[in-house]
Amino acid sequence: MATSANAIARGAIVAIGLILLAIATQARWTGQPALAAEAPPVAPAPSVVAGGGVTLHSVSVSFPNSDSTFPGGAEAAAINNDCLICHSAGMVLDQANLSRAAWQAEVEKMRDAFKAPFAAEDIPAIVDYLTNLRNVMSQTAGRQPDAKHGAVIVAQGTAAGAPPCAQCHAFNGVSDASGAFPRLAGQSAFYLAAQLRDFASGVRASAIMTPIAKALSPDDIADVTAYFAVNAPFLPLKAPSAAHVKRGEELAKAGGPEKVHCDNCHGPGGSGEPPAIPYLGGQYAHYIAFTLQMWQEGFRKNSPDAMAVITKTLDDQEILAVAAYYQQVPSTLKTVGSQGKD
């Protein structure tokens, strides 16, 4: 009876997800009002912390004294609005513990080679930020994530009421290829944990994921995301329209008038920029199209300065094209496993 009940519950969850996704996507392409799986939440207070007179998103470290500018005169908003769109304030957490000299070289390269919008006089402040961030965060770090416990949650759920993740995302995180549920395998734990916290707080609202995320403790989130951060094979999928793939590749690599090309943030072939920016290569086209629509319609609130703006430059056919292109990327690579690495 327990097995039968679990099967019925799983079937119900999958059916609900497929119905919501199909209604929302089909309605969008036919010009009808869409029922979205993610409903518009109440806008939360922005998570911005000030340090030493300079305000950067997400974290706080010691900076040279100033008002709202770096010593060289550039406002801190230049970093928030330009650099941190791609390089989140917490990105350094999962990167190598570079020396100050190494970070200095990286910052100089960003300014000189990539024309990042800050003055040479501001390089020491930015290097301080990068060098000190890991130390600041490690002071409050608790237990190490337990991926084995994460596997238990995936298979069995939690006593607090979270159902097994495998019901929708499969035990290895590859989901079922329908596009109703995203592929999770190989996404960074940092990114996955951020999404779960957004679901729990209401920054992302989903009839399915919000109650699940609320039933997970911080340790549960750390453990289950550590488990899913491991790569798994890509499922064989039907080849998408060649015309869609060609147009999607153009958009991903070059963008267009007043468009930011996708690879600029998500890496070549949508390989991702961990820990903050997810891979897209191999993600299911139906899910990519759906979630782009959610940003476009304002139902997702967790990337207001980037994705919410960028998606408004895309029309319906361009969304379908980008989604088709990224889904088929792994099948064009000699080493499929290279996608989604952390």
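Presented here is a report on the structure given in the accompanying data block.

Thresholds applied
Residues numbered from 1 in each chain as written. Predicted model: local features only at pLDDT ≥ 70, side-chain atom pairs only at ≥ 80, totals over all residues. Heavy atoms only, no water. Helix = DSSP H or I, 4+ residues; strand = E, 2+ residues; numbered from the N terminus. Buried < 20%, exposed > 50% of the residue type's maximum accessible area, 1.4 Å probe, protein only. Contact = heavy atoms within 4.5 Å. Areas by Shrake-Rupley, 256 points an atom, 1.4 Å probe, with all protein chains shown as cover. Axes fitted to C-alpha atoms, helices over the stretch in contact; angles between N-to-C directions. Parallel < 35°, antiparallel > 145°, perpendicular 65-115°, else oblique. Left-handed = near helix turned anticlockwise from the far one by under 90°. Nonpolar A, V, L, I, M, F, W, Y, C, P; charged D, E, K, R; others polar.

Counting its secondary structure elements, the protein chain contains 14 helices and two strands. Within the span of the protein chain, comprising 342 residues, buried residues form 46% of the whole. In the protein chain, once contacts between residues fewer than 6 apart in sequence are set aside, the share between residues at least 24 apart is 68%. Put simply, the protein chain shows about 16,600 Å² of open surface, and 60% of that area lies on carbon and sulfur atoms.

The next point concerns unusual backbone geometry. Unlike most non-glycine residues, Ala 170 shows phi in positive territory, near 70°. Within the fold, Ala 170 resides in the loop between helix H6 (166–169) and helix H7 (189–201). The phi angle at Ser 175 is positive, at roughly 60°, despite the residue not being glycine. Checked against the element boundaries, Ser 175 lands in the loop between H6 and H7.

In this section: the environment of Ala 215. Looking at the secondary structure, you find Ala 215 in the loop between helix H8 (209–214) and helix H9 (218–228). Expressed as a C-alpha distance, the spacing of Ala 215 and Ala 159, which sit 56 residues apart in the sequence, is 8.9 Å. Those residues within four positions of Ala 215 in sequence are excluded, and the remaining contacts are Thr 158, Ala 160, Gly 161, Ala 162 and Asp 220.

Turning our eyes to something else, we now look at the environment of Ser 206. Tracing the backbone through its elements, the reader meets Ser 206 in the loop between H7 and H8. The class for Ser 206 is buried, based on a relative accessible area of 12%. Sequence separation of Ser 206 and Arg 300 is 94 residues, and the distance between their C-alpha atoms is 9.8 Å.

What follows concerns the packing of helix H12 (residues 285–296) against helix H14 (residues 316–328). The contact between H12 and H14 brings their axes to 8 Å, and the two run at 140°. Looking at the two axes, H12 sits oblique to H14. Crossing handedness for the pair H12 and H14: right-handed. Touching Ala 285, Ile 288, Ala 289, Leu 292 and Gln 296 of H12 are Ile 319, Leu 320, Ala 323, Ala 324, Tyr 326 and Gln 327, all from H14. Class assignment of the residues belonging to the contact of H12 with H14 gives a composition of nine nonpolar, two polar and no charged.

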